[in-house]
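# Observations on the three-dimensional arrangement
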Amino acid sequence: MDSLITAAGRALASGDPLGALNRVALREDPPALALRGIAMAQLGDFPRAKLLLRRAARGFGTKEVVARARCVVAEAEIALASRDLGWPPRRLAAAAATLEAHGDRINAAHAHYLDIRRLVLIGRLDAAEQALAAMEPALLPSALQAVHGLATASIALRRLRAGAAQEALATAREAARRGGIPALLAEVEGAFSTLHAPAARLIANGEERSLLLSNVEALQSSPALIVDACRFVVRDLQASVSLATRPVLFALARALAQAWPADASREVLIARAFGSKFTDESHRARLRVEIGRLRAALRPVARFSATRDGFAMVPRHAAEVVVLARPVEEKHAAVLAFLADGESWSSSALALALGASQRNVQRALEELATAGKVQFYGQGRARRWTMPTIPGFATSLLLTAPWRDA
Amino acid sequence: MTASKAEIIREYGPFPGVDKVHGVSFDGERVWFASGDRLNALDPDSGKVERALDVPAHAGTAFDGRHLFQIAEDRIQKIDPRTGAVLSTIPAPGGGGDSGLAWAEGALWVGEYRERKIHQIDPETGKTLRTIESNRFVTGVTWVDGELWHGTWEGEESELRRIDPATGEVLDSLVMPAGEGVSGMESNGKDLFFCGAAGKGTVRAIRRPKRN
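Residues numbered from 1 in each chain as written. Chains lettered and ligands numbered in written order. Predicted model: local features only at pLDDT ≥ 70, side-chain atom pairs only at ≥ 80, totals over all residues. Heavy atoms only, no water.

## Section: the packing of aromatic side chains
Residues and elements named next belong to chain B. Under the definition given, this model contains 6 aromatic pairs over all chains. For the ring pair Phe-69 and Trp-103, a centre distance of 5.8 Å and an interplane angle of 10 degrees mean the geometry is stacked. With Phe-69 in strand β8 (residues 68-72) and Trp-103 in strand β11 (residues 98-104), the pair connects residues that are 34 residues apart, well separated along the chain. Note on Phe-69: relative accessible area 3%, which makes it buried. Classification of Trp-103 by relative accessible area gives partly exposed; the value is 25%. Seen in terms of ring centroids, Trp-149 and Phe-193 are 4.8 Å apart; in terms of plane orientation they differ by 55 degrees. Their pairing is tilted. With Trp-149 in strand β16 (residues 147-154) and Phe-193 in strand β20 (residues 192-197), the pair connects residues that are 44 residues apart, well separated along the chain. This pair shows no difference in class: Trp-149 is buried, exactly as Phe-193 is. (Phe/Tyr/Trp six-rings, centres within 6.5 Å; stacked < 30°, edge-to-face > 60°. Helix = DSSP H or I, 4+ residues; strand = E, 2+ residues; numbered from the N terminus. Buried < 20%, exposed > 50% of the residue type's maximum accessible area, 1.4 Å probe, protein only.)

## Quick word on the pairing of strand β9 (residues 75-79) of chain B
Residues and elements named next belong to chain B. Where burial is concerned, most of β9 is hidden: 4 out of the 5 residues are buried. Strand direction decides the pairing type here: β8 and β9, joined by 5 bridges, are antiparallel. Of the residues in β9, the one forming a bridge with Gln-70 is Gln-77. In this antiparallel pair of consecutive strands, β8 and β9, the connection spans 2 residues, and Glu-73 shows a positive phi of 50 degrees. Here β9 hands over to strand β10 (residues 86-91) after 6 residues, with Gly-84 in that stretch at a positive phi of 85 degrees. (Pairing = 2+ DSSP bridges.)

## Side note on the environment of Ala-138 of chain A
Residues and elements named next belong to chain A. If you trace the backbone, Ala-138 turns up in the loop between α8 (125-133) and α9 (142-158). Looking at Ala-138, the relative accessible area reads 70%, which means it is exposed. A C-alpha to C-alpha distance of 10.0 Å links Ala-138 and His-148, two positions 10 residues apart in sequence.

## Observations concerning helix α4 (residues 46-59) of chain A
Residues and elements named next belong to chain A. Taking 1.5 Å of rise per residue, the 14 residues of α4 would be expected to cover 20 Å, and the 20 Å separating its terminal C-alpha atoms lies within 8% of that figure. Where α4 is buried, its residues meet α3 (30-42) and α5 (65-81). Its side-chain oxygen 3.2 Å from the backbone nitrogen of Arg-48, Asp-45 forms the N-cap of α4. (Expected span 1.5 Å × (residues − 1). Contact = heavy atoms within 4.5 Å. Polar contact = N/O pair within 3.5 Å; in protein donor to acceptor, adjacent residues only side chain to side chain.)

## Details of the nonpolar core
All names here are of chain A. Of all hydrophobic cores here, the largest spans 45 residues; its most connected members are Tyr-113, Leu-169 and Leu-324. Elements supplying a minimum of two residues to this core: α7 (105-121), α8, α9, α10 (162-179), α11 (182-195), β1 (200-204), α12 (213-219) and β9 (321-325). For this core, the element with the highest residue contribution is α9, accounting for 10 residues. In this structure, Tyr-113 is in contact with Leu-132, Met-135, Pro-137, Leu-140, Leu-144, Val-147 and His-148, ignoring residues within four places of it in sequence. Core analysis: the next-biggest nonpolar cluster, separate from the first, contains 34 residues, Leu-225, Val-241, Phe-250 and Ala-264 among them. (Core = buried A, V, L, I, M, F, W, Y, C linked by side-chain atoms within 4.5 Å.)

Structural data, given as C-alpha cells:
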C-alpha cells in the first residue's frame, strides 16, 4: 500500500475519520475511495459511504478479489448500521468465503459477526447462537472479541438470562478496553445499563413492583402461575401455554390473574376482553363462550370457577398467581421494543423483524408518530423511523476492522 | 526473462507493536523497517529489534551511507539515524501514492504504487529526473551491483523483479508463494534481499540469484 493510504488507514483505526479524509479527500483511486467511504460511514453519512464503497469495489482490478470482498463487508456493515436488513446476506457469505480462501481470517470473522448481529436483530436467536458457537474469539483481535461478547450478551438478554448476559458483557468490556475503541466501549456500557434498568413489572395481590432482568430470570423458576404479558404466555413450573395468537383469551386470563385470589366481575372481563363499556345479554353469552375456550386452552395450568359476579382463576399446581407486564404499558409495544435500540429503521425492516405485514407496521408507526412516541426522516422508500430517546442497544461501526490488513 | 520461485531463507518477527511493515532498508549492519509510527533497527543475526526511532513511517525507507530517508504521508524525510532528528523534507513525487524508496548513484528512487512507476529524484530538491514505467504495482525498490529491482504486489500476486532501468523491461522475476506479498525491499549488497511481508508484520530474507 502507498504512503497516504497507510497514514489514512492509521487515522481511521485510531478513531480519527476527519484525519483520514484530510489525507485522501482528493484522490479517486479505489483504496482512497474505500477509505473515504469508511470515514463517511463513521461520520454517519451512510448513503454517501455506500456510494463510495461501491465505486471502490468496481475500481479494484479483477485480481484484487480480497480488496473487493473487503468493500462488500464494509457495505454490509453500513447496511446493518442503517438497519437495511433486506441487504442480501448471500453477498456477505460469499465475501466471507473469499476472505477465508485468501487467508484473511480476521476480516472473514468480521463478516461472520455482521451476519450474527443481523440474525439477532431479526430474532433468529437459534441460528445466531449456532453461528456464534462456530467462532473462535480467542484467536481474534480484541475488538472482535468484544463483538463476540456483545452478541452473546444480546442473545442472553433476549432470552432473559441475566447471569449469562452479565458474564458475556464483562468479557466484552475487558476486550473493548484492551482494544481501546471508545465507540465499542460505549456500546458495552450501554448494554450494561439495560441490566440495571427495569425490564418488567410484577403485578401480584393487587400490588405492582418493577423488576430487573435478573428478577425476571429468577421468576422463571418461581412456583407461581405466571401470566406473562411480555410474551403472551401462561405458565407454571410444569406447563406453558402460549396465547400469542389469541389476544381475547389472553386479555381474559390477565384480568382474572390480576383479580386473584378474588374473582373478576363479568363487567370487568367484558370491558377488558371486548373493549365495551356497557354490557348486554349478547356480551354475557360471548363471555361464556370465551371462558369455555380459555378453560380448554389453560387446562394444564389452571381451572376457572363461576362465582356470583363473574369468574375466578384457580391455579392447578401453583400456590400463587402473578402477572408479568412490560415496564410501561402502551399500544404497539412490539414496534417500540425494536425502535428502542436507538437506531433508525425502515418499515420494511421492522415488518421483517416482527413477522408482520408492512402495511400493519406502517399503520402502527403512523399512530405512534401522531402520539409523538416515534419520529421519521426521509420520504417514500427512504423513510426511516427512530425513537427520540435512545436507551439500550446501539450498533457501533467497527469499519476499521476490514482494513486492518489492507 | 527468467522466472523462478522466491527462496525465503529466514523470517524475522512478528514484533510486538508492529502489525505491518511498510518499508525496509539496510545500513550495512542493521535492517531498518518502517512500521507506521516508528523506524525499527533489526539485527539480522540475532533477529532482535535493537532500537527504534519515533518518526512517522508510512511507506518506503532508504539509506545513503549517512542518513535514513523515510516516506511519511506525501513527504520524504531525511533522518539522522543516531538521534532520529528529521533534518529536512522534500515532497514525494507521487504526492502520497508513493510506496518504495531506494538510494543509488546520488539519487533517490521512489516507487509509485498504483501508477506502476519508479521515479528517480534529486534528493535535495525532490525534482523528478526521470520516470520508469513498470507493468505492475510497485512496492519496494532497491539497487544492487547496477541492477534495479522492485517488489510488486498486485491483487494476490507478488514478485521480486529485476528490470532494465532504461526501458522498464523485466529481466528476472522471483515469484512469491501465493498470498504472500512484498512490502518494501532492500538488498544487503551481496546475496540477500530483505523484504517486508505485506500485512504480516514480519521481515524476510530472500536469496538473490547468482549472476554468471
